[in-house]
Every structure is written in structure tokens, then in C-alpha cells.
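Residue strings, one per chain:
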Amino acid sequence: MARRTPTDIENLDMKWHVFRMLVPYLLEFRLRIVIAFCCLALAKVATISFPFFQKYIVDDLDAQLNAAGQTLLVAVPLLMILGYGLARFLNVMLNEARDTLFGRVTERAIRRISLMTFRHVHGLDLGFHLNRQTGGLSRDIERGTSGVSFLMRIMIFNIIPTLLELLVVIIIFLWNYGVEFAAVIFLAIILYFIYSVMATEKRTRFIREMNEADSATSTHAVDSLLNYETVKYFTNEEYEARHYDELLATLEIAKRNNRLSLFALNGGQALIVAVAMTLMLLLAARGVASGDMTLGDFVLVNSFMMQLFMPLNFLGFVYREIKGSLANIERMFNLLNEKPSVVEKPDAELLQVTKPAISFDNVSFHYRPDREIIRNITFTVGPGEKVAVVGASGSGKSTLVKLLFRFYDCQSGKVTIAGRDIRDLTLHSLRSAIGIVPQDTVLFNDSIFHNIQYGMPDASEEDVDRAIRMAHLDHFISQLPKGKDTLVGERGLKLSGGEKQRVAIARTILKNPAILVFDEATSSLDSKTERAILQAIREISAGHTSLVIAHRLSTVVDADRIFVLENGGIVESGSHQELLAQHGTYHHMWILQQQEQEKEKVAEVQA
Ligand SMILES: Nc1ncnc2c1ncn2[C@@H]1O[C@H](COP(=O)(O)OP(=O)(O)O)[C@@H](O)[C@H]1O
Ligand SMILES: [Mg+2]
């Protein structure tokens, strides 16, 4: 994965890119947004009217006090006070209405973006996923989507309206009270803005460090908990805790830096606001003293400044948060920009076959350029044939399966199904045609039933039951108090290796694909269970093209042809009998494994 460069956050292009990305989501609810805007505009008018209400109330009361020496709560101020109260209420209600209306837009956008990201991440190749940590990945997506929602709200309802409000207030001051007042406000805003931007730029690094530490911490926690059993086997709780604490400490430091820099930012902003406020009130007091301004004007100035203080404070906050959100969204979009290395051709064809031949044609493959795993392999599985590939652990057997599934593309040669290069087929039809019982079966944290039904999500209960019987799972399930509704635990950890493999077999039976692949499907079974499973495999592979991959040779004796893989190349091939007669690698493996089995049997008898 390409590391993102730290400077991306400061990059303005990035911002526009993100904003543009959001536009389609806004257009989905045009009317709603227009109404929300009307609410916003009316609310702003109400906000700007407050200081005027206050001014007229004070001036009125003051005038009466001067005229009569006492105050009567007569019609005019009473009406003003009622109007003021109403305006206050309307202001709040309109803002609430605006948020409620717009809420739907952001909620929908989050739904769409989350789904898009989810699909995209699923579309990335296995290589990407093996390099990524799931905990950190989901955290990135989560932070990214909440960043999007924030940015949308802020962009529409805070930045532009706040700037407009500032402009209106400056004009009001210029018009009613002269250049001095307007100039003080104007300068204060400019200063405030520049300071906020500069201080926030400095903070960006801390925010990023904090996020990285946050991801690292949760990644570690998830990974460590997933490996719960391993941790116990090696009594490494202390080691895990210590490592976790180191990460937590980094996070703590990052948070402290973040907090301190926030303090500096807020402190500076408060100073600018306080100085501006004081200056304005001094100017107003001077005006009142010289008789140019009324008491009401003084109240108005004070009131406007208080009101300005709020959105101004918001401006700094908004800038800060936008920076933070952009950093988060950027991570998510980086994820979205990640290109899968296995891609479907635009004119990819559908694969629809019943008993296809498979062939590996001079295939070479490596995960990393410095270590070749498969070297110039050529072999064919005829239509309906059962072909086995055997070899020592690490010789590249499972890699062949990954190539067939197109989790990776080979660097040279080609893999064909029914004579067609798998790179010319749609990924969906290719993978639908193949059923696999993998070496390590990982299950969803759901019931046995659902895990099996996953092979064909719309299968009926009868079909699932039939698959259960064919996979010889019925006996096991009948022993469970909850039967097939038993939950299998995270990744299927509550089942034994053999039970998981049988669930995988049942799943594959249900899928009923044209090609069957068994990758060490009996590797974690004892001989007795193995025999049962082999029987099941034999039953279901009849009539299918099947590829059996095994380290244990007892699994493959009945194969039509056997290829022996060594160091990424095929060294021998033939039927079981032919290979034994060759007295080569296969023969050697066979003798060794026979001896082992003898020992096992003796041990079983003794036990
Ligand atoms: N994603 C990967 N990246 C790098 N090396 C890998 C990857 N997957 C497997 N390998 C290496 O490729 C070799 C063959 O692996 P594999 O095909 O799983 O062997 P096996 O014959 O036991 O099934 C092994 O040495 C393994 O370490
Ligand atoms: Mg393997």
C-alpha cells in the first residue's frame, strides 16, 4: 500500500476534491436542502434582530425615565419585549428545523459512503488484505464517515452563513456608527482568522499523530484478542499488556500534545476577542458620553459583540475540525483510491460450464519478486477428472488454488478453465464456478446452519439438511443441545478443526459448483474421521472436475492423476501405482507416511 504523504492534509486540492465528492450526496435531496436554507436564512435574520430589539427597549425605557422620572411599562416597550421573545424562540426553532431537515441528507450520505467503502474494500485483492490490519481498517472507515457528515453540515450551515453574518454586522456598524467601529471588528476578525489558521496548521501534526496512535492501539487490541488462545498457550498476557500499554502511552502523549496545542489556540483566540470587545465598548462609551450614541446603542454594540463572539469562536472550531475531518476523510479516500491488482477486463465474459477442464499452462508466480514460488508449472485436469497435487508443506500447493481463484494473477503463463484464460472471465462467474474446502476454514460468528447456508444464501432448510448429511455432520449436530442453531464463536473457534472442515464441505456441497477444490481438506482429522470425510468427498466429487491438494497421500490414492510438487515445480506425475513404481519422491513420501501411520496405529492400540 502506498503510504500517504503527511503534506496531503495541507494540500488545498485535496479539500476541493473532498468537497466535490460530497456534492452528489447533497443533490439527492434538493428540496430538503432548499427548505433547510430558508430556515437558516430566517434564523440569521432573527439573530441579527436581537441587538436591535434590545436597543429599542433600552432607548424607550430610557426616554420615559428621562421624561417622567419614572418608568411605566407601556405599550411600546411591552410590544418590543414580546417581539424579542418571539424572535428568540423562532431563532432556536428554525435552527432546530434546519438540523432536523438536513440530518436526513447526512444520514443518507453516510449510508452510501459506508456501503461504497465496504464494497470497495471487499473488491481489493487478497494481497492488500494480508497487508492491512482489520482493526485499523474499520477504524479508518468509521472516522472517515463521521468526518464526511461533519464536513457536510459545517460546509453548508456554518462557514458561508457565518461569513455572511460577519459581513452584515460590519455593514451595520459602518452604516450606523462609522468607520472606527467597523474597522475594529474587521481587523479583529482578520487577526482572529489568521491566528486560528496558523495555530491550527501547527496542530495538524498532533491530530495526525493522535489518529495514528489511535489506529495502532485498536489494531493491536483486536489482533491480540483474536489470538486469545495463542496468548494463553504461551502465557504471554504480560507481554501483550506491555505492548498494548506502550501503544496507549504513545496515544496518551499524542493526546496531551493535542490538548496543549488546543489550549494555546483557544487562549490566543480569547485574547483577540477580549481586546476587540474592550475597544468596541470603549468606543461606544465615548459615543454615549459625547451624546452621539444612546444607551440603547451601547447595549446594541455589546450585544452584537457577544453575538459575534459565538460564530467567531465557531469559525476557529470549524477550521480545526475541518482539518481533522479532512485528515480522516483523506485516509478513507486513500482507501477508496487503492486499486485492486486483480481487475476484471471491461469485456470480461461469463463462465458457464458444467464439467470444465482446468489447465495451468507454463505458469510462474511469485508474491514478492525476490522469491519465486511457482516455476513454469504445466498440468491439466480433464473434464470430470479428479487430479491431485501433492508436495511438502510450503511447496506452493495452496498458492495454486489462489491462482485458480484469481486472488493473484500469475506473472507468466496462463490458467485456463474450459480452454478460456481466467483473466478473460468475470470474477464473479469464475469464482461461482469453483467450490473450495480450504485448508483453514474460518467461520462467521453465527449459527452452524447459517454458516452452511452461506454456500447458497437462498437455499431451503431441506437443502441445508441434505448437505449436512452428505458432509457427515448430522451425527455431530445431533449431539449439540441447540443442534444446527449452535453458535460457532468468532471465526468458528468453538468448533474443532475437523468440524469446521465438515462445515466447509457442507457449504461447498450446497454451492454445488462445477469445479471442486479440496485444499488439505482432511489435514486436521484423525484417521477415522478422515475416512468418513474422504467418503463424503468421493461422493460429491463424482461428476465434478476436482482438484485435491494434499500433504497426506492417503487422501489422493484414488485420484486419476497425481502431480508431485517440489520447490515450485512438478517433479513427477502419474497414477498412484505408476508413481510408486517410479521409486522417486512420491514413493519416498509414501513409505515415510506409511511408517508414521504404523506408529500411530501402535500408539492407538497401546492407549
Ligand atoms: N501472501 C504471501 N506472501 C508471501 N509469501 C507467501 C504468501 N502466501 C504464501 N507464501 C509463501 O509461499 C510458499 C508456498 O505457500 P503455500 O502455497 O501456502 O504452500 P503449501 O504447499 O503448504 O500450501 C510458502 O513458503 C509461503 O511462505
Ligand atoms: Mg497449503
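Here the structure is a predicted model, which means the values were calculated and not measured.

## Focus on the nonpolar core
Line of reasoning, step 1. Counting residues in each nonpolar core, the largest one holds 67 residues, and the members touching the most others are Ala388, Val390, Ile505 and Ala506.
Line of reasoning, step 2. Per-element accounting of this core gives the leading share, 6 residues, to helix α15 (residues 497–511).
Line of reasoning, step 3. The residues touching Ala388, leaving out its near neighbours within four places in the chain, are Val548, Ala550, Val556, Ala559 and Ile562.
Line of reasoning, step 4. By size, the runner-up hydrophobic cluster in this structure holds 29 residues, among which are Cys39, Leu151, Met152 and Leu251.

## A short note on the sheet that holds strand β9 (residues 561–566)
Line of reasoning, step 1. With mixed pairing, 6 strands are arranged side by side in an open sheet as β6-β7-β8-β3-β9-β10. In the strand order of this sheet, the two ends are held by β6 (434–437) and β10 (569–574), each with one partner. Averaged over all pairs of adjacent strands, the angle between strand axes in this sheet comes to 20°, irrespective of strand direction.
Line of reasoning, step 2. Relative to β9, strand β3 (residues 386–391) runs parallel, the two being bridged by 5 bridges. Counterpart to Val390 in the pairing with β9 is Val564.
Line of reasoning, step 3. Lying on the sheet, helix α10 (residues 397–404) is in contact with β3, β6, β7 (515–519), β8 (545–550) and β9; it crosses β7 at an angle near 150°.

## Description of the site of ligand 1
Line of reasoning, step 1. Taken together, the neighbourhood of ligand 1 is formed by Leu130, Tyr367, Arg368, Ile373, Gly391, Ser393, Gly394, Ser395, Gly396, Lys397, Ser398 and Thr399.
Line of reasoning, step 2. Among the elements of the structure, β1 (358–368) and α10 are those that each provide at least two residues to the shell around ligand 1.
Line of reasoning, step 3. Among the elements that make up the shell around ligand 1, the one with the highest residue count is α10 (3 residues).
Line of reasoning, step 4. Looking at side-chain class alone, the shell around ligand 1 contains 3 nonpolar, 7 polar and 2 charged residues.

## Focus on the confidence of the model for the protein
Line of reasoning, step 1. In this model, the protein carries a mean pLDDT of 85, and residues with pLDDT of at least 70 account for 93%.
Line of reasoning, step 2. Between residues 1–14, whose pLDDT stays under 50, and residues either more than four places distant or in other chains, the model counts 16 contacts.

## Focus: the packing of helix α13 (residues 461–470) against α15
Line of reasoning, step 1. Relative orientation of the contacting elements α13 and α15 amounts to 130°, with a least axis distance of 8 Å. Judged by the angle between their axes, α13 and α15 are oblique. Relative to α15, the crossing made by α13 is right-handed. Of the residues in α15, those in contact with Asp463, Val464, Ala467, Ile468 and Met470 of α13 are Ala506, Ile509 and Leu510.
Line of reasoning, step 2. Considering only residue class, the contact of α13 with α15 consists of 7 nonpolar, no polar and 1 charged.

Conventions we followed
Residues numbered from 1 in each chain as written. Chains lettered and ligands numbered in written order. Predicted model: local features only at pLDDT ≥ 70, side-chain atom pairs only at ≥ 80, totals over all residues. Core = buried A, V, L, I, M, F, W, Y, C linked by C-beta atoms within 7 Å. Buried ≥ 20, exposed ≤ 12 C-beta atoms within 10 Å, placed from the backbone. Helix = DSSP H or I, 4+ residues; strand = E, 2+ residues; numbered from the N terminus. Contact = placed C-beta atoms within 7 Å. Pairing = 2+ DSSP bridges. Axes fitted to C-alpha atoms, helices over the stretch in contact; angles between N-to-C directions. Near = placed C-beta within 6 Å. Nonpolar A, V, L, I, M, F, W, Y, C, P; charged D, E, K, R; others polar. pLDDT = per-residue confidence, 0-100. Parallel < 35°, antiparallel > 145°, perpendicular 65-115°, else oblique. Left-handed = near helix turned anticlockwise from the far one by under 90°.

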